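Working through the structure, step by step
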Amino acid sequence: MTTGTVTLAPLQHADVPKCHEIELALFPGEDPWSENAFHSELDNGNYYIGAYADDELIGYAGLAASEHEASVHTIAVIRHWQGRGVGKMLLRDLLARVDEIGVPVYLEVRTDNEPAIALYLAHGFEHLGLRRRYYQPSGADAYTMGRPAHSV
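This section reports on the structure supplied with the text. Model, not experiment: these values are computed from the prediction. (Residues numbered from 1 in each chain as written. Predicted model: local features only at pLDDT ≥ 70, side-chain atom pairs only at ≥ 80, totals over all residues. Heavy atoms only, no water.)

Before going further, it helps to examine the environment of Ile 75. You can see Ile 75 is positioned in strand S5 (residues 70–77). When the C-alpha atoms of Ile 75 and Gly 50 are compared, they prove to be 9.7 Å apart, with 25 residues separating the residues in sequence. In contact with Ile 75, not counting residues within four places along its chain, are Tyr 60, Ala 61, Leu 90, Leu 91, Leu 94 and Tyr 120. (Helix = DSSP H or I, 4+ residues; strand = E, 2+ residues; numbered from the N terminus. Contact = heavy atoms within 4.5 Å.)

Okay, here's the thing in structure tokens:
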């Protein structure tokens, strides 16, 4: 899938150091994913996709799915690419994967992340609940959001 200069492709173990670097830059004051966490997600067969511009990883997204439900584990885009539709491309790719198996999908999002919340609402997600102090160590709250099953 390509839009302009951005291409989506399966995330590889070789991308993990860059993923961790992006985590550290995007989530200061939180507990960013370690390289081991990314390797574990890939080794466990979860669906991870990278967004690349000129062969540079500029974002990634990950999903775990079963026959009953799916969960968006992460979506991240480096700052100077935010607002250009990369997050939307990544989300749509994850949702296409979910729709292939026809299950509901869930996620958590910081309550102060208005651009992400707007993106999720525009793609059929609804607020389901609030998780107080979900993000650590900052103690930021998260909304739980879900989207009903769709079929292709």
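The structure having been displayed, the exposition proceeds.
Moving on: the environment of Ala 149. Along the polypeptide, Ala 149 turns up in the segment after strand S8 (140–147). By relative accessible area, Ala 149 is classed as partly exposed at 40%. A sequence separation of 84 residues divides Ala 149 from Ala 65, and the C-alpha atoms of the two residues are 12 Å apart. Apart from the residues within four sequence positions on either side, Ala 149 is in contact with Gly 102, Val 103 and Pro 104. (Buried < 20%, exposed > 50% of the residue type's maximum accessible area, 1.4 Å probe, protein only.)

Moving on, we get to the side chain of Asp 93. Locating Asp 93 in the fold gives a position in helix H3 (residues 86–101). Among buried Asp, Glu, Lys and Arg side chains, Asp 93 stands out as unpaired, with Arg 97 the closest opposite charge at 7.1 Å. (Lys, Arg positive; Asp, Glu negative; His and termini not counted. Salt bridge = Lys/Arg side-chain N within 4 Å of Asp/Glu carboxyl O.)

A separate point is H3. Its 16 residues place the ends of H3 24 Å apart at the C-alpha level, agreeing with the 22 Å of an ideal helix rising 1.5 Å per residue. Every buried residue belonging to H3 is among Val 86, Gly 87, Met 89, Leu 90, Leu 91, Asp 93, Leu 94, Leu 95, Val 98 and Asp 99, and all of these are buried. In the stretch just after H3, Gly 102 is the one whose phi turns positive, near 65 degrees. (Expected span 1.5 Å × (residues − 1).)

On to the pairing of strand S6 (residues 105–110). Side-chain alternation along S6 places Val 105, Leu 107 and Val 109 on a buried face and Tyr 106, Glu 108 and Arg 110 on a face that remains uncovered. Looking at chain direction, S5 and S6 are connected through 2 bridges and run parallel. Bridge pairing links Ser 71 to Tyr 106 in S6. One crossover worth recording links S5 to the parallel S6 by way of H3, and it is right-handed. Summarising the sheet, S6 and S8 pair through 6 bridges and their orientation is antiparallel. Pairing of Arg 110 across the sheet is with Ala 142, part of S8. (Pairing = 2+ DSSP bridges. Right-handed = clockwise from strand over helix to strand, strands pointing away.)

Bringing the pattern of salt bridges into the picture now. As enumerated under the stated definition, the model contains 6 salt bridges in all. Among the ionic pairs, Glu 56 bridges to Lys 18, the shortest N-O distance being 3.7 Å. In this pair, Glu 56 is assigned in strand S4 (residues 56–65) and Lys 18 in helix H1 (residues 16–26), connecting sequence segments 38 residues apart. Looking at Glu 56, the relative accessible area reads 35%, which means it is partly exposed. Relative accessible area serves as the criterion here: at 23%, Lys 18 is assigned to the partly exposed category. When the shortest N-O distance is used, the salt bridge between Arg 147 and Asp 99 registers 2.3 Å. Of this pair, Arg 147 sits in strand S8 while Asp 99 sits in helix H3, and the two are 48 residues apart along the sequence. As far as burial versus exposure is concerned, Arg 147 and Asp 99 are alike and both buried. Within the structure, one salt-bridge network assembled from shared partners comprises Lys 18, Glu 21 and Glu 56.

In short, shape yes, function no, at least from these values alone.
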